[in-house]
Amino acid sequence: MAQDLQTKQDANKTRHPQQTRTVMMSKDICADYQTEVLYNDDYFENLSPKKLNYLATSKRYHTCDLTQPFNYLELGCGFGHSALIHAAIYPQAQFYACDFNEVQMQRARYLIDRLNLQNIKLYPMPFSELLEEELPQMDFVVSHGVYSWVNSTVRQQMHEIIQNKLKSGGLAYLSYNCLPGMGKIAPLRYMLNEMAKKKQGTSFECAKEALKELNQIKKDLQYYQDNPTIESIITNFNNSDKYMFGEIFNPIWKLFYSNEVAQEMEDIGLNFIGHANLPVNHQHQKLKPSLKPHYYALETSKEKELFLDYAFNTQFRSDVFIKDGKTMNERELISKLLKMNVGMTRSFSNLEKSPLIQGEPEFKTLFAKVMQNQVKDNAVSCAQLCEEITQGNPEQLKSSLISIMLMINMQVLTHFEHIPESSDDYKLSAINQNILNFALENNQSRALILKNQGMGYMMNLLDLFILKQWVEGERQLQVIAQKTIACAKKNPDLLLNKIDINQLTENQQNMMILDWINRFVYESLPNLKYLGLFSH
């Protein structure tokens with residue numbers, strides 16, 4: 001199996017199109033978007049139809065039924081990682097994915113064919129050409145990592161697509177770099193660009209050399225000393241050359257105030273409803289006491305969101321908007337919530353003391369006891385939970401549902417698409433097995449499908465390597481460790497944070513790898529099984 005990860009670049013050429021060459025693009029975007037280094041091939045759970053629908057439901061909006069056919073469009077899909085995962089989860093839906101980069105689209109096409117996905121169509125073209133295509137009305141239009149990195153002409157084309165193709169009641173998602181938080185990075189970006197001009201080689205090589213030089217001198221820079229929070233940004237750059245290059249060296253790098261983007265969406269008939277990153281919707285509860293009166297005195301969501309951006313120095317936003325949204329009354333909302341299935345994302349401790357549970361102390365104690373008993377080992381319906389919590393008292397139903405929603409929003413609970421099946425089987429579905437093989441063949445991290453949760457889950461290369469041995473029946477952790485060490489010695493990409501295992505003693509190697517395997521097998525694997533990694 002180690003051979004899977006050791007035959008890298010040469011073998012990859014025969015499996016899918018080359019990933020690193022630069023191609024000519026349409027004139028309306030090519031001049032303003034770097035193509036020397038391609039976008040990271042990642043999965044983004046914020047693009048999940050289930051997650052977007054849940055947010056809208058929690059805000060009392062009617063949403064499309066995900067058990068029925070629906071249409072979903074992703075603008076700037078990169079390699080199509082998220083779109084492919086969601087198309088596999090929702091075979092009854094139709095997915096449309098557009099990106100101007102032909103190399104990325106060729107690779108997406110290869111994987112679509114390999115996975116035999118029949119419900120996704122790729123559009124390898126700029127948005128200007130997509131406007132001329134005959135597309136159906138969409139229930140979702142999403143775009144991650146695009147808005148801040150394209151010029152105003154392309155953003156206007158995105159507006160036109162959303163305005164013309166999003167149906168009434170449909171949801172739009174936009175992520176972007178936000179002020180004031182990202183403002184502190186502008187000097188860093190400028191400095192790295194100036195340093196790169198003095199280097200020799202390709203733009204990417206010059207960028208890496210500039211970052212290397214910055215790491216050497218940063219502690220002596222007053223700018224660095226006065227802005228200690230930029231260290232986390234530099235660390236991210238050190239861990240991902242591609243991320244650094246796209247963030248710092250792309251010609252377009254537009255920062256937005258949230259009220260500007262909200263106004264642009266209002267101008268095309270959409271209204272802001274919340275953040276795809278669910279816990280952010282409760283930021284106002286964390287305001288310092290001196291700020292709360294000022295926040296609650298504001299009237300519009302645009303004013304309040306901008307205030308929160310300053311209160312928490314927001315750097316990046318994942319905003320969700322709705323077109324002509326129709327709200328549910330309380331009875332309709334309760335009926336919809338009671339049909340949901342929920343499960344835990346982490347173990348409970350002192351749950352009765354949690355501020356997430358709304359109500360009197362006696363109610364909190366009962367709520368915590370029921371949750372411990374019912375949700376610990378399996379997901380259950382909200383109706384079943386509420387029946388046990390309220391014990392026939394309708395007055396406590398609302399408190400129960402509010403508490404459950406808060407726990408979902410704060411990611412203590414999660415909304416399940418399917419109740420987990422009880423099984424000791426560790427066999428992957430055919431599509432998850434195919435994705436796992438593809439990842440190992442091509443030496444890359446990849447998302448696998450969590451059927452019960454209805455989302456993908458991004459797994460690093462080391463976890464995928466361990467998982468493959470586990471599903472093939474190996475249960476001796478020391479044997480898994482030996483195979484992992486042997487592979488890592490020949491393939492440095494296997495380990496995280498660019499660790500060179502050859503620099504460690506044999507004892508250090510064994511301890512480090514065994515520690516990782518133990519955490520994966522005894523902590524991660526049971527949770528992944530619960531969330532549906534092995535469901536068929």
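Before any of the text, the structure's been laid out above.
Described in the following lines is the structure provided in the data block. (Residues numbered from 1 in each chain as written. Predicted model: local features only at pLDDT ≥ 70, side-chain atom pairs only at ≥ 80, totals over all residues. Heavy atoms only, no water.)

**Details of the packing of helix α18 (residues 361-375) against helix α20 (residues 397-409)**
Part 1 of the reasoning: Relative to each other, α18 and α20 sit at 60 degrees, their axes nearing to 12 Å. Taken together, the axes of α18 and α20 lie oblique to each other. For the pair α18 and α20, the sense of crossing is right-handed. Listed contacts from α20 to F363, F367 and M371 of α18 are S399, S400, S403, I404 and M407. (Axes fitted to C-alpha atoms, helices over the stretch in contact; angles between N-to-C directions. Helix = DSSP H or I, 4+ residues; strand = E, 2+ residues; numbered from the N terminus. Parallel < 35°, antiparallel > 145°, perpendicular 65-115°, else oblique. Left-handed = near helix turned anticlockwise from the far one by under 90°. Contact = heavy atoms within 4.5 Å.)

**Notes on the sheet that holds strand β4 (residues 138-143)**
Part 1 of the reasoning: With mixed pairing, seven strands are arranged side by side in an open sheet as β3-β2-β1-β4-β5-β7-β6. The outermost strands of the open sheet, each flanked by one partner alone, are β3 (120-123) and β6 (270-275). Across the sheet, the mean angle from the axis of one strand to that of its neighbour is 20 degrees, orientation sign disregarded.
Part 2 of the reasoning: When β4 meets strand β5 (residues 166-177), the two strands line up parallel, connected through five bridges. Following the sheet pairing, V142 is matched in β5 by Y173. (Pairing = 2+ DSSP bridges.)

**Overview of empty space enclosed by the protein**
Part 1 of the reasoning: Taken as a whole, this structure holds two cavities of 30 Å³ or more when the rule is applied.
Part 2 of the reasoning: The volume enclosed by the largest cavity comes to roughly 80 Å³.
Part 3 of the reasoning: Along its surface, the largest cavity is lined by 15 residues, and Y39, D42, F44, E74 and C77 are the ones closest to its centre.
Part 4 of the reasoning: Top element by residues in the lining of the largest cavity is helix α5 (residues 81-89). It accounts for three residues.
Part 5 of the reasoning: When the residues that make up the lining of the largest cavity are grouped by side-chain class, the tally is five nonpolar, seven polar and three charged.
Part 6 of the reasoning: S258, N259, A262, F272, S301, K302, E305, R317, D319 and F321 are the residues that line the second largest cavity.
Part 7 of the reasoning: Residues of the lining of the second largest cavity, tallied by class, amount to three nonpolar, three polar and four charged. (1 Å grid on protein atoms, 1.4 Å probe; cavity = no way out; pocket = protein on both sides within 12 Å on 5 of 7 lines; lining within 4 Å. Points joined across faces, edges and corners; volume = space filled by probe spheres on them. Nonpolar A, V, L, I, M, F, W, Y, C, P; charged D, E, K, R; others polar.)

**As for the packing of α18 against helix α19 (residues 382-390)**
Part 1 of the reasoning: Remark: α18 packs on α19, axes separated minimally by 9 Å, with the N-to-C direction vectors making an angle of 140 degrees. Taken together, the axes of α18 and α19 are oblique relative to one another. Where α18 crosses over α19, the handedness of that crossing is right-handed. Residue-level contacts link F363, L366, F367, V370, M371, Q374 and V375 of α18 to Q384, L385, E388 and I389 of α19.
Part 2 of the reasoning: Residues belonging to the contact of α18 with α19 are distributed by class as follows: eight nonpolar, two polar and one charged.

**A closer look at the pairing of strand β12 (residues 455-459)**
Part 1 of the reasoning: Strand direction decides the pairing type here: strand β11 (residues 446-450) and β12, joined by five bridges, are antiparallel. By the bridge assignment for β12, L448 is matched with Y457.
Part 2 of the reasoning: In this structure, the hairpin formed by β11 and β12 is closed by a connection of four residues, where G454 is found at a positive phi of approximately 75 degrees.

**Examining the packing of aromatic side chains**
Part 1 of the reasoning: Applying the stated rule across the entire model yields 19 aromatic pairs.
Part 2 of the reasoning: A ring pair is formed by Y176 and F256, whose centres lie 5.9 Å apart and whose planes are at 80 degrees; its orientation type is edge-to-face. Taken as a pair, Y176 in strand β5 and F256 in the loop between α13 (241-248) and α14 (258-267) lie far apart in primary sequence, 80 residues in all. Grouping residues by exposure puts Y176 and F256 together as buried.
Part 3 of the reasoning: Each ring, one from F272 and one from F321, has its centre 5.9 Å from the other, and the planes form 70 degrees; the classification is edge-to-face. Placement of the pair is F272 in strand β6 and F321 in strand β7 (residues 316-323), with a sequence separation of 49 residues. (Phe/Tyr/Trp six-rings, centres within 6.5 Å; stacked < 30°, edge-to-face > 60°. Buried < 20%, exposed > 50% of the residue type's maximum accessible area, 1.4 Å probe, protein only.)

**Here we look at the environment of A207**
Part 1 of the reasoning: Relative to the elements of secondary structure, A207 occurs in helix α10 (residues 203-217).
Part 2 of the reasoning: Those residues within four positions of A207 in sequence are excluded, and the remaining contacts are A196, M244, F245 and F249.

**So, helix α16 (residues 301-312)**
In an α-helix there are 3.6 residues to a turn, and that puts residues three or four apart on one side.
Part 1 of the reasoning: Between the first and last C-alpha of α16 there are 16 Å, a value that for 12 residues agrees with the 16 Å anticipated at 1.5 Å per step.
Part 2 of the reasoning: Listed in full, the buried residues belonging to α16 are K302, E305, L308 and D309. Each buried residue of α16 lies within a common arc of 125 degrees when the element is viewed along its axis, so the set occupies one face.
Part 3 of the reasoning: Residues of α16 that are buried in the fold lie against α14, β6, α15 (292-296) and β7.
Part 4 of the reasoning: Positioned one or two residues after α16, N313 has a phi angle of 55 degrees, which is positive. (Expected span 1.5 Å × (residues − 1). Arc of directions from axis to C-beta.)

None of the figures reported here should be taken as evidence of function without further support.
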